[in-house]
Amino acid sequence: MKKWIILLSLLVIVGGIWFWFSGQTQRKIEKKDNYDSGLEQFRSDIVQSVERQEVDLLLDGLSLRNFGYRIRMTEDLQLLCQERMLQDVMGCSVLRTANGEVTIERGDVVIRMTMDSRTAYINDQKVTLPTPCIFSETEQQLYIPVSPMMEAMGYHVAVSYAKNEVNFEDRSAGDPLPARYDMREKGRVTPVRDQGRYGTCWAFASLGALETTLMPYEENEYSTDHMALNNSYHLDISAGGEHTMSIAYLAAWQGPVYEEQDPYDGKTEEGLEVVKHLEEAIIINDRDDDVLKSAIYRYGGIETSLYLEMEYISYDSMYYNAATSAYYYTGKQKPNHDVVVVGWDDDFPKENFSVQPKKNGAYICKNSWGEEFGDHGYFYVSYEDGNLCNESIVYTRLEDADNFQHIYQSDMLGWVGELGFGKEEAYFANCYTPEQDESLEAVSFYATGPRTTFSVFYVPEFSDVDDLHSPEFLVSGETRYAGYYTVRIPEPPELKKGQKYAVVMKVNTPGSKRPIAVEYAADDRTEGADITDGEGYISLYGGGAWRSAEESECNICLKAFTNDR
């Protein structure tokens, strides 16, 4: 009997141990499942937070929130950096070709890859990327894997989930810009052309600079005849021009068209298909060589002016050394000729100049006098030239002509002058009536100075100026330079056919007393300004009194872009 009792007790003990062990195992499995589920949810939350742009981007600890840059994140938490952010704030040159090849340069680092591959070459050393690039059709932007690209270019990337931020810390040593850079060697220039006896150097320089922005992704030449003869200034082709005319022509969707559609012969055709839309052009008003070089390196050629004592290829000048294609002007004449700056050479010998400057160094300029001039159409201008690059224009952003379906505007001449109230800050508005049921996708304006902060609002149903007192907020940001900017609206509001609405902007331009760009009849060149085609308003405080811009005999430079709903 005792034996049975002992055996039964042993069975109970063993059974209890087995049940306890089974329960512990099950609890471990459940705990692991809960952990995996929680981790998956955590990762999903992070990815969604990045995609909703809720993560703050920083460069060396300074927030980039107001500049509209984005990062992307894959499901396995791999970060991808926006192409434009690499160019704008990290000083990189990013070149894409039509067949998907991508080249990124920063200083001595050269990275090559293809858009749909996980293989890259960093200074010719093969590496495997954690994810291929992602191309956003909506943004027309390429997203490039952060790792190992950023490390190779001297950036340490710190991700803080607690602070919900990504900080790009520049740990590179020295100047990332090379001592010599020549866009000809990068396949980023179109053929040299010849303006002949027409006063069209400004159009050749504008389109030459624009073409470098699109190269090598797109190898097209655009019509100077069309730009010179189809803008709203209606000037004779021999009258000359300047960058304000170029930007106005492009911003108004009057061009460009392909050269083959409208060849250079002093005649033009109306009704040709516009093939590109300008979204951004920066204007650098100060002669800062580091800024200028960086702009060329990152974006493309610079349209600028200088004084050329020679009127054409057959003329001589004491300031020009034909043997070395070197030019250095030391006089006091104002600029009279436009060129495209396509590179620089810090070591270009000062002895190459007829009038010798104090130091070596020259900008490489593309002229419009044919290939017989200079170095196959190019020449070298000393860094010490007093006129070159005192005002520089870079066409930083162009999109295909289907980026928006409709444009609403009243400033066909573009930025002619400024208006304001003696303060850095001001409000301005334009009213438009949609032709269909549409969505407000973007607005464009001119920043009249660097570091302009802006906020965009709208009034869905406008009847009088009282409606401008309480507009609905859409988006805000900041510009680094003066220039023409298109601001896309993250959540486009719906517009009703035939219902007048108002676009409202608040700007603050440091150091300015008149921060609003306007169109008006300022001189013979702008006498065609039509102030009957718009309805604009200006205000100092926004919530207070508004007054009509047309009563001040001007149009507000504020366009609206829409798509059909």
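Quick summary incoming for the structure in this document. Fair warning: this is a prediction, and the values are worked out from it, not measured in the lab.

Right, let's get into the overall build of the protein chain. The secondary structure content of the protein chain amounts to 7 helices and 36 strands. Here the protein chain holds 565 residues, and the buried ones make up 54% of them. Sequence-distant contacts, at least 24 apart, represent 73% of the contacts inside the protein chain between residues at least 6 apart. With 51 positive and 93 negative side-chain charges, the protein chain shows a spacing of 11 Å between the two charge centroids.

Overall, the coordinates contain 26 aromatic pairs when judged by the stated rule. A ring pair is formed by Tyr222 and Tyr258, whose centres lie 5.6 Å apart and whose planes are at 25°; its orientation type is stacked. Of the two residues, Tyr222 is situated in the loop between helix H4 (201-214) and helix H5 (224-229) and Tyr258 in the loop between helix H6 (243-251) and strand E15 (276-284); the sequence distance between them amounts to 36 residues. Overall, Tyr222 belongs to the buried group, its relative accessible area being 0%. A relative accessible area of 23% means that Tyr258 is categorised as partly exposed. When the ring of Trp369 is compared with that of Phe373, the centres are 5.2 Å apart and the planes differ by 75°; the resulting orientation is edge-to-face. Overall, Trp369 belongs to the buried group, its relative accessible area being 3%. Taken together, the aromatic side chains of Tyr312, Tyr320, Trp369, Phe373 and Phe379 make up a single cluster linked through ring pairs. A cation sits over an aromatic face here: Arg72 above Tyr143, 5.3 Å from the ring centre. Above the plane of the ring of Tyr378 lies Arg184, whose end atom (NZ or CZ) is 4.5 Å from the centre.

Scanning all chains against the criterion turns up 29 salt bridges. For Glu280, the salt bridge identified is with Arg84, shortest N-O distance 2.2 Å. Taken together, the residues Glu280 in strand E15 and Arg84 in helix H2 (residues 83-88) connect sequence positions 196 residues apart. Just as Glu280 is buried, Arg84 falls in that class too. Between Asp411 and Lys559 there is a salt bridge, with its nearest N and O atoms 3.0 Å apart. Residue Asp411 is located in the loop between strand E23 (406-408) and strand E24 (417-419), and its partner Lys559 is located in strand E36 (residues 558-564); the two are separated by 148 residues in the primary sequence. Of the two residues, Asp411 and Lys559, neither departs from the other in class, the shared state being buried. Taken together, the salt bridges that share partners define one network made up of Arg180, Asp182, Arg184, Glu185, Asp345 and Asp375.

A separate point is unusual backbone geometry. Geometrically, the link from Ser147 to Pro148 is a cis peptide bond, its omega value of 0° lying close to zero. Within the secondary structure, Pro148 is located in the loop between strand E11 (141-145) and helix H3 (149-152). For the peptide bond that leads from Gly255 to Pro256, omega is 10°, which places it in the cis range. Mapped onto the elements of the fold, Pro256 is located in the loop between H6 and E15. Residues other than glycine seldom take positive phi values, yet Asp60 does so here, at roughly 50°. In this structure, Ser325 is a non-glycine residue whose phi angle is positive, near 55°.

By the secondary structure assignment, Ser206 is in helix H4. The class of Ser206 is buried, set by a relative accessible area of 1%. If we skip the residues at most four places from it in the chain, Ser206 touches Met227, Ser246, Glu303 and Tyr395.

Moving on to the pairing of strand E33 (residues 536-539). Judged by which residues are buried, E33 turns out to be covered on both faces: Gly536 and Ile538 on one side and Tyr537 and Ser539 on the other are all buried. Here strand E25 (residues 425-432) runs beside E33; their pairing, made up of 4 bridges, is antiparallel. The partner of Phe428 across the bridge, within E33, is Ile538. Where E33 meets strand E34 (residues 547-548), 2 bridges bridge the pair, whose relative direction is antiparallel. Directly across from Ile538, in E34, lies its bridge partner Arg547.

What follows deals with the environment of Ile296. Examined against the element boundaries, Ile296 turns out to sit in helix H7 (residues 289-298). A relative accessible area of 0% means that Ile296 is categorised as buried. Sequence spacing of Ile296 and Gly343 is 47 residues, and the spatial spacing of their C-alpha atoms is 6.8 Å. Once residues lying within four places of it in the same chain are set aside, the contact partners of Ile296 are Tyr181, Met183, Arg188, Ile302, Val341, Val342, Gly343 and Trp344.

This part is about the sheet that holds E25. Read from one edge to the other, the open sheet built from 6 strands follows the order E28-E27-E31-E25-E33-E34, with strand pairing classed as antiparallel. Strands at the two margins of the open sheet, each flanked by one partner only, are strand E28 (472-478) and E34. Note: strand E27 (residues 453-459) against E28, 6 bridges, orientation antiparallel. Residue pairing in the sheet places Phe454 in a bridge with Gly477 of E28.

Thresholds applied
Residues numbered from 1 in each chain as written. Predicted model: local features only at pLDDT ≥ 70, side-chain atom pairs only at ≥ 80, totals over all residues. Heavy atoms only, no water. Helix = DSSP H or I, 4+ residues; strand = E, 2+ residues; numbered from the N terminus. Buried < 20%, exposed > 50% of the residue type's maximum accessible area, 1.4 Å probe, protein only. Contact = heavy atoms within 4.5 Å. Lys, Arg positive; Asp, Glu negative; His and termini not counted. Charge placed at Lys NZ, Arg CZ, Asp CG, Glu CD. Phe/Tyr/Trp six-rings, centres within 6.5 Å; stacked < 30°, edge-to-face > 60°. Lys NZ or Arg CZ within 6 Å of the ring centre and 35° of its normal. Salt bridge = Lys/Arg side-chain N within 4 Å of Asp/Glu carboxyl O. Pairing = 2+ DSSP bridges.

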